[in-house]
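# What the coordinates show
Below are the chains, spelled out letter by letter.
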Amino acid sequence: MPDSQPQPPHSSSSPSSPASSGDPAALLLCGARLTDGRTVDVRLGGGRIEAVGTVGSLSAYATRVDLSGYLLLPAPAEPHAHGDTALSADADGPVSYDPQDVQRRATEAALLQLGHGATALRSHVRIGDVPGLGALAAVLQARRALRGLAELTAVAMPRVLTGVAGADGLAMLRDAVKMGASVVGGCPDRDPDPTGYVEAVLEVASEHGCPVDLHTDGDDPARLARLAAMAGGLRPGVSIGPCGGLGRLPAEVASRAADQLAAAGVTVTCLPQGGCGGAERRATAPVRLLRAAGVRVAAGSGALRDVSNPVGRGDPLEAAYLLASRHGLRPEEAYDAVSASARAVLGLPEVRVEAGFPAELLAVRGDRLAGALSLGYSRIVVHRGRVVARTSAVREYCNTPTVAALDLPRQGRTGQS
């Protein structure tokens, strides 16, 4: 069975058999390791974590999932995807915006990212020009089809919002929100009047109580200062990205811009794995400088195998790995960027492996976070208290005395195929 296909969890009772407790969907995650070094059992019910206790201490009539050898983490979230163009790199000719094609790509991309661990995703979707509102309608249909597996939200991205041509874009943006786009965004750098574009987006966001998520390279400090001044205090919030150009500015100028963004409460979503169609250049924002200034920094995947990044993987653990290996963050800081901070961008509640928190979890083969970011191939994904995806990887070596003597590690359980 291919790794990208969900597999049934290793359990002592069938998930389809009703449990004897009050919640037939109750799960008991057994023998999981936490980042603080403890090995625990975790009981899930009603979409939340009911209890965390020492191994064997939680008696429950529930489906048991053996997590021996796994590190249990809050599930990642994907704050910057492009589901309308995902998986189109191998297509002949221009990207198809036929609604059926878009829906298929968006659904498959979301499932791939779910397999990596992301139980919530935000997809930026172009509106106007060739796609009109058809691509958005297709992504919204994918959202409905994925209900119960993952949470998918859409950002409406008009091309132009100022001047004569902008009138149509502004009307279409308002229509997009009425259709179900829960976030407004776009790329002001590509509008003849970038400041006017931001003003128009903020106006629509204020009218409808929507978050704002804008594409910008961040290489113009004056433009960033104006954006911060306009966005300050807006609720439910403003995020921008990928801001790779911020790292090309002189250090003093970049620090001043970071201070302004922090004061305005603007989040920066960087793309360590590469660019996306909404950004002209590929570079990663200066994450350490931004964090030092007090800016919340989240990390997303950007393009998933489209023309902007034909080898994009959409793996949040890879994004965290790159933040740690190339940008100097500690593993805990890097994972926060793809989990807690990413969930905050999406307006989702915090997740901890503690009683009372949402049961949005990722179990990764390994016993330390650094090792999981490096070699965490085997993964079990929990959404709303239910195992929704499983990837099993087994490493084997030829049977020789040298290999046997070394007792080389395997990614997987003995006898697992």
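This section reports on the structure supplied with the text. (Residues numbered from 1 in each chain as written. Predicted model: local features only at pLDDT ≥ 70, side-chain atom pairs only at ≥ 80, totals over all residues. Heavy atoms only, no water.)

### Quick look at the overall build of the chain
- Tallying secondary structure elements over the chain gives 12 helices and 16 strands in all.
- For the chain, the residues scored as buried account for 54% of the 417 residues in total.
- Taking contacts inside the chain between residues at least 6 apart in sequence as the whole, the part at least 24 apart equals 73%.
- About 17500 Å² of surface is accessible on the chain, with carbon and sulfur atoms providing 51% of the total. (Helix = DSSP H or I, 4+ residues; strand = E, 2+ residues; numbered from the N terminus. Buried < 20%, exposed > 50% of the residue type's maximum accessible area, 1.4 Å probe, protein only. Contact = heavy atoms within 4.5 Å. Areas by Shrake-Rupley, 256 points an atom, 1.4 Å probe, with all protein chains shown as cover.)

### Concerning the packing of helix α8 (residues 316-327) against helix α9 (residues 331-338)
- At a minimum axis distance of 8 Å, the contact between α8 and α9 shows a crossing angle of 140°. In terms of axis orientation, α8 runs oblique to α9. For the pair α8 and α9, the crossing hand works out as right-handed. Residues P316, L317, A319, A320, L323 and A324 of α8 pack against A334, Y335, A337 and V338 of α9.
- Residues of the contact of α8 with α9, tallied by class, amount to 10 nonpolar, no polar and no charged. (Axes fitted to C-alpha atoms, helices over the stretch in contact; angles between N-to-C directions. Parallel < 35°, antiparallel > 145°, perpendicular 65-115°, else oblique. Left-handed = near helix turned anticlockwise from the far one by under 90°. Nonpolar A, V, L, I, M, F, W, Y, C, P; charged D, E, K, R; others polar.)

### A few points about the environment of D259
- Among the secondary structure elements, D259 is positioned in helix α6 (residues 251-264).
- When its relative accessible area of 45% is taken as the criterion, D259 is described as partly exposed.
- Sequence spacing of D259 and A225 is 34 residues, and the spatial spacing of their C-alpha atoms is 9.8 Å.

### What to know about the nonpolar core
- The biggest cluster of nonpolar side chains holds 79 residues, and the ones touching the most others in it are V184, V212, I240 and L290.
- In terms of residue count, the dominant contributor to this core is helix α4 (residues 194-208) (7 residues).
- In this view, L290 contacts L246, A258, L261, V268, A285, V295 and V297; residues no more than four positions away in its chain are not counted.
- V42, V351, I380 and V387 belong to the second-largest nonpolar core, a separate cluster that totals 21 residues. (Core = buried A, V, L, I, M, F, W, Y, C linked by side-chain atoms within 4.5 Å.)

### Examining the sheet that holds strand β7 (residues 120-127)
- Here we have 8 strands laid out as an open sheet, ordered β6-β7-β8-β9-β10-β11-β12-β13, and parallel in their pairing. Taken across any chain shown, the strands that pair with only one partner, and hence form the sheet edges, are β6 (78-81) and β13 (297-299). Strand-to-strand twist across the sheet, computed as the mean angle between neighbouring axes with direction ignored, equals 25°.
- In the sheet, strand β8 (residues 151-158) pairs with strand β9 (residues 183-186) via 2 bridges, with the strands oriented parallel. Looking at the pairing, A156 lines up with V184 of β9. (Pairing = 2+ DSSP bridges.)

### As for empty space enclosed by the protein
- Taken as a whole and judged by the stated rule, the model has 2 cavities of 30 Å³ or more.
- As a volume, the largest cavity reaches approximately 80 Å³.
- In terms of lining, the largest cavity is formed by 14 residues, of which the most central are A81, G83, A106, A109 and Q113.
- Where the lining of the largest cavity is concerned, the elements lending two or more residues are α1 (99-116) and β7.
- The element contributing the most residues to the lining of the largest cavity is α1, with 4 residues.
- Tallied by class, the residues present in the lining of the largest cavity amount to 9 nonpolar, 5 polar and no charged.
- Taken as a whole, the second largest cavity holds about 70 Å³ of empty space.
- Around the second largest cavity, the lining residues are P188, D189, V198, T216, G218, D219, D220, R223, L224 and L227.
- For the lining of the second largest cavity, the element with the highest residue contribution is helix α5 (residues 221-231), accounting for 3 residues.
- Considered class by class, the residues forming the lining of the second largest cavity number 4 nonpolar, 2 polar and 4 charged. (1 Å grid on protein atoms, 1.4 Å probe; cavity = no way out; pocket = protein on both sides within 12 Å on 5 of 7 lines; lining within 4 Å. Points joined across faces, edges and corners; volume = space filled by probe spheres on them.)

### Some thoughts on the pairing of strand β11 (residues 238-242)
- When you tally the buried positions in β11, you get 5 out of 5 residues, the bulk of the element.
- Where strand β10 (residues 212-216) lies against β11, 5 bridges are found, and the strand directions are parallel. Opposite D213, over in β11, you have S239 as the bridge partner.
- For the crossover from β10 across α5 to β11, the handedness is right-handed.
- Alignment of β11 against strand β12 (residues 267-270), held across 2 bridges, turns out to be parallel. The residue bridging I240 from the neighbouring strand is V268, located in β12. (Right-handed = clockwise from strand over helix to strand, strands pointing away.)

### Here's the deal with helix α3 (residues 163-179)
- Here α3 is 17 residues long and its end C-alpha atoms lie 25 Å apart, about the 24 Å a rise of 1.5 Å per residue gives.
- Lining the buried residues of α3 we find β7, α2 (134-145), β8, β9 and α4.
- Following α3 by one or two positions, G180 adopts a phi angle in the positive range, close to 140°. (Expected span 1.5 Å × (residues − 1).)

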